[in-house]
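Listed below, chain by chain, are the residues.
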Amino acid sequence: MATPAAAAPRVLSFDQCADQFVLALSPREAVVGLSTRADDADSRLRALAAGLPKRRVGLETALAAGPEVVVRYWGGDPRLVRAVEARGVRVVTIDEAQGFEDVRANIRKVAAALGQQPRGEALIRRMDGRLARSAGAWRGASALYLTPSGVTAGPGTLVNAVLTAAGMRNTERRPGYQTVSLEALALQPPQAVVLGFFDTFQLAGDSWGPGRHQVLKRAVRERTLASLPGATLGCPDWSAAEAAELLAAKAPQGLSR
């Protein structure tokens, strides 16, 4: 159902999150470049990046690749974006997502720019299927989200939407992303924690960071309900629904539907 590659616009990605959209939505033949992080361990669709060109972000590189559309999330500063647009290239910026409706909007925005609306709608249907299978699994059980750097997530974040989608109640009530107090963890440890990005911790962990502290280690060791891969949490895309499904699958038999 997708637009034939010959009719699809040539597309270049400026960063790892944009890579996921380009890899999922564009015909391979139309991809003139991905970011240099497209095949990193925390890139969800890294297997699809094999064989496609990786390009550093810059005006010369962008123009040499000859894109008609550039997709970006955080990659490329405003001056570069303006310079690319001034040369007739359409730049599509992926928005922050506070919930899955925002993810749907991102998919539709990029799919429309690439002339791949049917692919976009199919992707949304698969995402919604994961969410339907996850709904209510934990039946309101409480948990604190925790990363190796000691960051948690409250209302208004896609992580909060993941917890809610799996039927959990987020114990962090401060909005946005916040730093967890190690003192508070020691004095009032959470009943349960859901980990994020711990699969990349051994590679990227700071030897002096919170993830090495005994208080955080104890909370992780004694209270973890699930550990979600960083590749499902790092971008405002449909992978968050996979995180919700993985979390739902960890619900005890007595709690799951």
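In this report, we go over the structure that sits alongside the text. (Residues numbered from 1 in each chain as written. Predicted model: local features only at pLDDT ≥ 70, side-chain atom pairs only at ≥ 80, totals over all residues. Heavy atoms only, no water.)

## Describing helix α7 (residues 158–165)
Heads up, the condition is: Accessible area is worked out with a 1.4 Å probe on protein chains only. A residue is then buried under 20% of its type maximum, exposed over 50%, and partly exposed in between. Comment: elements are numbered from the N terminus, with helices defined as DSSP H or I runs of at least four residues and strands as E runs of at least two.
The buried count for α7 comes to 7 of 8 residues, which makes it a mostly enclosed element. Looking at the residues trailing α7, positive phi occurs at Gly167, about 85 degrees.

## Re the pattern of salt bridges
Going by this rule: Any carboxyl oxygen of Asp or Glu within 4 Å of a side-chain nitrogen of Lys or Arg constitutes a salt bridge here.
Scanning the model with the defined rule gives 11 salt bridges in all. A salt bridge links Glu101 to Arg104; the shortest N-O distance between them is 3.0 Å. Here the residue Glu101 and the residue Arg104 both occupy positions in helix α5 (residues 100–113), the gap between them amounting to 3 residues, near one helical turn. Several salt bridges share partner residues, and in doing so they unite Arg37, Asp40 and Asp42 into one network.

## What about the pairing of strand β3 (residues 69–72)?
Note the following rule: Whether two strands pair comes down to DSSP finding at least two bridges between them. Throughout, right-handed denotes a crossover for which the path from the first strand over the helix to the second runs clockwise when the strands point away from the viewer.
Burial of β3 is two-sided: the residues Val69 and Val71 facing one way and the residues Val70 and Arg72 facing the other way are all buried. In terms of strand pairing, strand β1 (residues 11–13) meets β3 through 3 bridges, oriented parallel. Residue pairing in the sheet places Ser13 in a bridge with Val71 of β3. Each parallel crossover has a hand, and the one from β3 via helix α4 (residues 78–86) to strand β4 (residues 90–93) is right-handed.

## Observations concerning the nonpolar core
Note the cut-off: For this analysis, a nonpolar core means a set of buried residues of the types Ala, Val, Leu, Ile, Met, Phe, Trp, Tyr and Cys, connected via side-chain atoms within 4.5 Å. Any two residues whose heavy atoms approach within 4.5 Å at even a single point are treated as in contact.
Among the nonpolar cores identified, the biggest contains 57 residues, and Leu34, Val71, Phe100, Val110 and Leu247 are the most heavily contacted of them. If we ignore the near neighbours within four places in the chain, the residues touching Val71 are Val11, Leu12, Ser13, Phe14, Ala18, Val22, Val92, Ile94 and Val110. With 11 residues, the next largest nonpolar core counts Phe14, Val70, Val89 and Val91 among its residues.

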